[in-house]
Amino acid sequence: MPGLGWDAAAEQRFDVNLSILFTELPLLERPAAAAAAGFTAVELWWPWIDSPTPEPSELDALRKAIEDAGVQLTGLNFYAGQLPGPDRGALSVPGEESERFRANVEVAAEFAGSLGCGALNALYGNRVDGVDPAEQDALALENLVLAARAADGIGAILLIEALNKPESPLYPLVSAPAAVGVVDKVNAATGLDNARFLMDLYHLSMNGEDLPAVIERYTAKTGHVQIADNPGRGAPGTGSLPLEDLLGRLRKAGYDGWVGLEYKPGDRPSAEAFDWLPR
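Residues numbered from 1 in each chain as written. Predicted model: local features only at pLDDT ≥ 70, side-chain atom pairs only at ≥ 80, totals over all residues. Heavy atoms only, no water.

Peer 1: Describe the side chain of Arg88, listing the residues and the values that go with them.
Peer 2: Along the polypeptide, Arg88 turns up in the loop between β3 (72–77) and α3 (96–114). We note that Arg88 is buried and unpaired, the nearest opposite charge coming from Glu167 at a distance of 6.7 Å. At 3.1 Å, the side chain of Arg88 and the backbone oxygen of Glu167 are in polar contact. Setting aside residues up to four positions removed in sequence, Arg88 forms contacts with Ala80, Leu83, Leu123, Tyr124, Gly125, Asn126, Leu163, Glu167, Ser168 and Tyr171. (Helix = DSSP H or I, 4+ residues; strand = E, 2+ residues; numbered from the N terminus. Buried < 20%, exposed > 50% of the residue type's maximum accessible area, 1.4 Å probe, protein only. Lys, Arg positive; Asp, Glu negative; His and termini not counted. Salt bridge = Lys/Arg side-chain N within 4 Å of Asp/Glu carboxyl O. Polar contact = N/O pair within 3.5 Å; in protein donor to acceptor, adjacent residues only side chain to side chain. Contact = heavy atoms within 4.5 Å.)

Okay, structure coming up:
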């Protein structure tokens, strides 16, 4: 919103998440729309929710749309099941979903690598009734090791994200320490040191975490940051989260990476949802 006083935000690098913004447009039109709105970078959830291995022509078309728009792909989710929808990842879900995740690992990494994308996000997956959580965690570590190696093969980092318990009650990583604990396990298992925390300030605030303390403690292990206001998951200024202050703290703590705009535009076209940004 105008008058937020986001002077310091001019120093920040913002990218727009094309899986939550510009969704009123077909997928292949979104990169150009982001560029027209003034963005030089975009990120995506896995766009083909029904297919971990889409036809090469579909991958080529999205690649061309991103290249033609002149935007950088800064982040991509691995296959995560029905997202948006009931799922929150596939890699810890035994059986078919785990297999689908594994089938996706090289496809997603190859696509990301072809566009110079430096970060791949692996959503952990929900707890499953009747399955021992320890069994799910062992499967998760196995699959995250595969994902970390694939990311390393294209010079990228692997992101592990904490979600929020009210909206994702079956997801086990609903705090910064829980997600960072998995980051540490993956790095110990691979020796690659390319797993990092995805710090989503909206999700962490929904969990009631002390955000200045999280920033102070975990910035060094953070590979990407995402923002939305709270309540409502709208644009900065639509809720009460002190996002300008929090991003200032992140910068002071040494974070100089991209900040993903992963918020809902509200009842207006996405192109009108950036009036809070400094120009």
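Peer 1: A description of the layout of surface pockets should follow, citing residues and the corresponding values.
Peer 2: Of the voids in this model, the largest pocket is the one considered here, and its volume is about 270 Å³. Forming the boundary of the largest pocket are 16 residues, of which Trp45, Leu83, Arg88, His203 and Arg233 lie nearest the centre. (1 Å grid on protein atoms, 1.4 Å probe; cavity = no way out; pocket = protein on both sides within 12 Å on 5 of 7 lines; lining within 4 Å. Points joined across faces, edges and corners; volume = space filled by probe spheres on them.)

Peer 1: Describe the environment of Cys117, and please don't skip the residues or the numbers.
Peer 2: Looking at where Cys117 falls in the secondary structure, it is placed in the loop between α3 and β4 (119–121). Separated by 39 residues in sequence, Cys117 and Ala156 have C-alpha atoms that sit 7.1 Å apart. Non-local contacts of Cys117, meaning those with residues more than four positions away in its chain, are made with Gln72, Leu73, Thr74, Gly75, Leu76, Ala112, Ile154 and Ala156.

Peer 1: Please set out the packing of aromatic side chains residue by residue, giving values where relevant.
Peer 2: For the structure on display, the rule yields nine aromatic pairs. For the pair Phe22 and Phe274, a centre-to-centre distance of 5.9 Å together with 35° between the ring planes defines the contact as tilted. Taken together, the residues Phe22 in the loop between β1 (13–17) and α1 (30–36) and Phe274 in the segment after β8 (258–261) connect sequence positions 252 residues apart. The buried category is assigned to Phe22, whose relative accessible area is 3%. Looking at Phe274, the relative accessible area reads 4%, which means it is buried. Their ring planes at 70° and their centres at 6.3 Å tell us that Phe197 and Tyr218 sit as a pair that is edge-to-face. Residue Phe197 is found in strand β6 (residues 195–200), and its partner Tyr218 is found in helix α7 (residues 211–218); the two are separated by 21 residues along the sequence. The pair formed by Phe197 and Tyr218 is uniform in burial state, with each residue classed as buried. Connected via pairs of aromatic rings, a cluster forms that spans Phe14, Phe22, Phe39, Tyr263, Phe274 and Trp276. Over the ring of Trp258 we find Arg13; its NZ or CZ atom is 4.4 Å from the centre of that ring. (Phe/Tyr/Trp six-rings, centres within 6.5 Å; stacked < 30°, edge-to-face > 60°. Lys NZ or Arg CZ within 6 Å of the ring centre and 35° of its normal.)

Peer 1: Got a sec to walk through the pattern of salt bridges? Specific residues and values, please.
Peer 2: Under the counting rule described, the total for this entry stands at eleven salt bridges. For Glu96, the salt bridge is made with Arg100, and the minimal N-O distance between the two is 3.9 Å. One end of the pair is Glu96 and the other is Arg100, both in helix α3 and four residues apart, which spans about a single turn. Glu96 sits in the exposed class, given a relative accessible area of 58%. In this structure, the salt-bridge partner of Arg100 is Glu97, at a minimum N-O distance of 3.1 Å. Of this pair, Arg100 and Glu97 are both found in helix α3, three residues apart, which corresponds to roughly one turn of the helix. The class for Arg100 is partly exposed, based on a relative accessible area of 21%. For Glu97, a relative accessible area of 19% gives the class buried. Overlapping salt bridges, with partners in common, bring together Glu96, Glu97 and Arg100 in one network.

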